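Below, each chain spelled out in residue letters.
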Amino acid sequence: MHVENSFVIDDWYPVGALAETVSGRKYHTRILGTAIWYQLTDDVVSAGLADHTAKLASKNIYGLLWVSLSDNPRDVIAIPEFAEADRRVVSAGSIRVATSGLRVIENFLDMAHFPFVHTDILGAEPLTEVAAYDVEIDEAADEILAVNCRFPQPKGSAAASEPVEMQYVYRIARPFIAILYKTCVIDANRLDVLGLFVQPVDQESCIAHTIMCYLDDINTDKQLRDFQQRIFGQDIMILINQVPKALPLDPRHETPVRADALSSAYRRWLKDRNVTFGTTRG
Ligand SMILES: [Fe+2]
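Not measured: the values here are computed from a predicted model.

**Notes on the overall build of the protein chain**
(1) Moving on: A count of helical and extended segments in the protein chain gives five helices and 13 strands.
(2) Moving on: Against the globule reference of 19 Å for 282 residues, the protein chain gives a C-alpha radius of gyration of 18 Å, in line with a compact fold.
(3) Moving on: Seen along its three principal axes, the alpha-carbon backbone of the protein chain occupies a region of about 55 × 45 × 35 Å.
(4) Moving on: The burial tally for the protein chain puts 37% of its 282 residues in the buried class.

Rendered as structure tokens:
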């Protein structure tokens, strides 16, 4: 069996979107290579190991159902925006991807692919250059932040009616969780929140649960979901062709196409915390 350190094991993993879970039905899935079941009853989630009677810790928060393999997990990450009453929490779906969950997070952090992969939506030629941004480590929370990110986008969100220079903050909160705070076109003083919560199923397969926490009084839930799913569908074409599927943490194992400060910081952060699941060392 794969042995992983407490940084990975003593944590919470998403297993399904609340909005897409049928109450009373027992679901079977895997986290970190371990087979589990979970069930939602009256908005309370229960879970256990598939081959034992033992129960597992479980939670219902941020529009997701969460399970931990640990008896003593740390707190679920804090995302205060979810408590703001005027925001809409909408699932953009749970999508299985045949690659390491760490690859999915790394791709989410990459602005350079916008004009080429999300053409005329999140970017367009000739505006292909990624402007310099700042990478910071939040020592207290043990998280990575990329601030002052910006990219000119023809259609930066479902609510955007004209091209705007979108401002981004990326927050890498966990090895398999990244949150994007982006320009909110209907309220200049606040930011939309897009969470990518990856369920590491096995070393080289995962389920990407995407949750929007948006200020948007223009689009229906379906319109918001369709916009995000179109973007993610384009990303999948890139992700399934990446070789190796596991993420190399040794820079010598993969020649970076470009020097990318956030990607480098992410890999270094994973390596320093001895994360091996989903890496070429796993
Ligand atoms: Fe993308």
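**Quick look at the nonpolar core**
(1) Moving on: Ranked by size, the top nonpolar core spans 66 residues in total, and within it Val67, Ile105, Tyr170, Ala178, Val198 and Met212 carry the most contacts.
(2) Moving on: With seven residues, strand β13 (residues 205-214) is the largest single contributor of residues to this core.
(3) Moving on: The residue makeup of this core includes at least three contributed by each of domain 1 (7-76) and domain 2 (77-272).
(4) Moving on: Residue contacts for Ile105: discarding those within four places in its chain leaves Phe176, Ala178, Leu196 and Val198.

**Here's the deal with the domain arrangement of the protein chain**
(1) Moving on: Once the domains are mapped, the protein chain shows domain 1 (7-76) and domain 2 (77-272).
(2) Moving on: Placing a centre on the C-alpha atoms of domain 1 and another on those of domain 2 gives a separation of 24 Å.
(3) Moving on: Facing 17 residues of domain 1, the contacting portion of domain 2 comprises 17 residues.
(4) Moving on: Among the elements of the structure, β1 (13-17) and β2 (26-31) are those that each provide at least two residues to the side of domain 1 that touches domain 2.
(5) Moving on: Among the elements that take part in the side of domain 1 that touches domain 2, β1 stands out by supplying five residues, more than any other.

**A look at the sheet that holds β13**
(1) Moving on: Pairing within the open sheet is antiparallel, and its seven strands lie in the order β7-β13-β12-β11-β10-β9-β8. Each edge of the open sheet carries a strand with a single partner, namely β7 (88-97) and β8 (134-138). The mean inter-strand angle of the sheet, taken between neighbouring strand axes irrespective of direction, is 20°.
(2) Moving on: Across the sheet, helix α4 (residues 221-239) touches β7 and β13, and the angle it forms with β7 is around 25°.

**Comments concerning the environment of Met111**
(1) Moving on: Following the sequence through the fold, Met111 ends up in the loop between α2 (101-108) and α3 (114-117).
(2) Moving on: Residues Met111 and Asp260 lie 149 residues apart in sequence; the distance between their C-alpha atoms is 9.4 Å.
(3) Moving on: Not counting chain neighbours up to four residues away, the residues in contact with Met111 comprise Val130, Cys149 and Phe151.

**Concerning the packing of α2 against α4**
When two helices pack together, you describe them by how their axes are tilted relative to each other and by the distance separating the axes.
(1) Moving on: Closest axis-to-axis distance for the α2/α4 pair is 11 Å, and the angle between their directions is 120°. When the axis of α2 is compared with that of α4, the two are oblique. At the point where α2 passes α4, the crossing takes the right-handed sense. Residues Arg103, Val104 and Asn107 of α2 touch α4, and the partners they reach there are Asp235, Ile238 and Leu239.
(2) Moving on: Among the residues forming the contact of α2 with α4, the class breakdown is three nonpolar, one polar and two charged.

**Observations concerning the sheet that holds strand β5 (residues 55-61)**
Strand pairing in a sheet is mediated by backbone hydrogen bonds. Such pairs are either parallel or antiparallel.
(1) Moving on: Read from one edge to the other, the open sheet built from six strands follows the order β1-β6-β5-β4-β3-β2, with strand pairing classed as antiparallel. A single partner strand is all that each edge strand has here, and the edge strands are β1 and β2. Between one strand and the next, the sheet's axes are offset by a mean angle of 30°, whatever the strand orientation.
(2) Moving on: In this sheet, strand β3 (residues 34-41) lies alongside β2 in antiparallel orientation, the contact comprising six bridges. Across the sheet, residue Arg30 finds its bridge partner in β3, namely Ala35.

**Digging into the pairing of strand β6 (residues 64-68)**
(1) Moving on: Taken across its five residues, β6 has five buried, putting it largely inside the fold.
(2) Moving on: Going residue by residue along β6, you find Leu64, Trp66 and Ser68 tucked away on one face and Leu65 and Val67 tucked away on the opposite face as well.
(3) Moving on: Where β1 lies against β6, four bridges are found, and the strand directions are antiparallel. Paired with Ala17 across the two strands is Leu64, which belongs to β6.
(4) Moving on: Where β5 meets β6, five bridges bridge the pair, whose relative direction is antiparallel. Looking across to β6, one finds that Asn60 is bridged to Leu65.
(5) Moving on: Remark: two residues form the turn of the hairpin made by β5 and β6, two consecutive strands paired antiparallel; Tyr62 in that turn has positive phi of roughly 60°.

**With respect to the pairing of strand β4 (residues 44-49)**
Looking along a regular strand, one sees side chains alternate from face to face of the sheet.
(1) Moving on: As judged from the six bridges shared by β3 and β4, these two strands associate in the antiparallel manner. Looking at the pairing, Ile36 lines up with Leu49 of β4.
(2) Moving on: Counting the residues that bridge the hairpin from β3 to β4 gives two residues, and of these Asp42 lies at a positive phi of roughly 50°.
(3) Moving on: In terms of strand pairing, β4 meets β5 through two bridges, oriented antiparallel. Bridging across to β5, Gly48 finds its partner in Lys55.
(4) Moving on: Hairpin remark: β4 followed by β5, antiparallel, with five residues in the connecting loop.

Rules of the game
- Residues numbered from 1 in each chain as written.
- Predicted model: local features only at pLDDT ≥ 70, side-chain atom pairs only at ≥ 80, totals over all residues.
- Helix = DSSP H or I, 4+ residues; strand = E, 2+ residues; numbered from the N terminus.
- Rg over C-alpha atoms; globule rule 2.2 N^0.38 Å.
- Buried ≥ 20, exposed ≤ 12 C-beta atoms within 10 Å, placed from the backbone.
- Core = buried A, V, L, I, M, F, W, Y, C linked by C-beta atoms within 7 Å.
- Domains from an automatic or database assignment.
- Contact = placed C-beta atoms within 7 Å.
- Pairing = 2+ DSSP bridges.
- Axes fitted to C-alpha atoms, helices over the stretch in contact; angles between N-to-C directions.
- Parallel < 35°, antiparallel > 145°, perpendicular 65-115°, else oblique.
- Left-handed = near helix turned anticlockwise from the far one by under 90°.
- Nonpolar A, V, L, I, M, F, W, Y, C, P; charged D, E, K, R; others polar.

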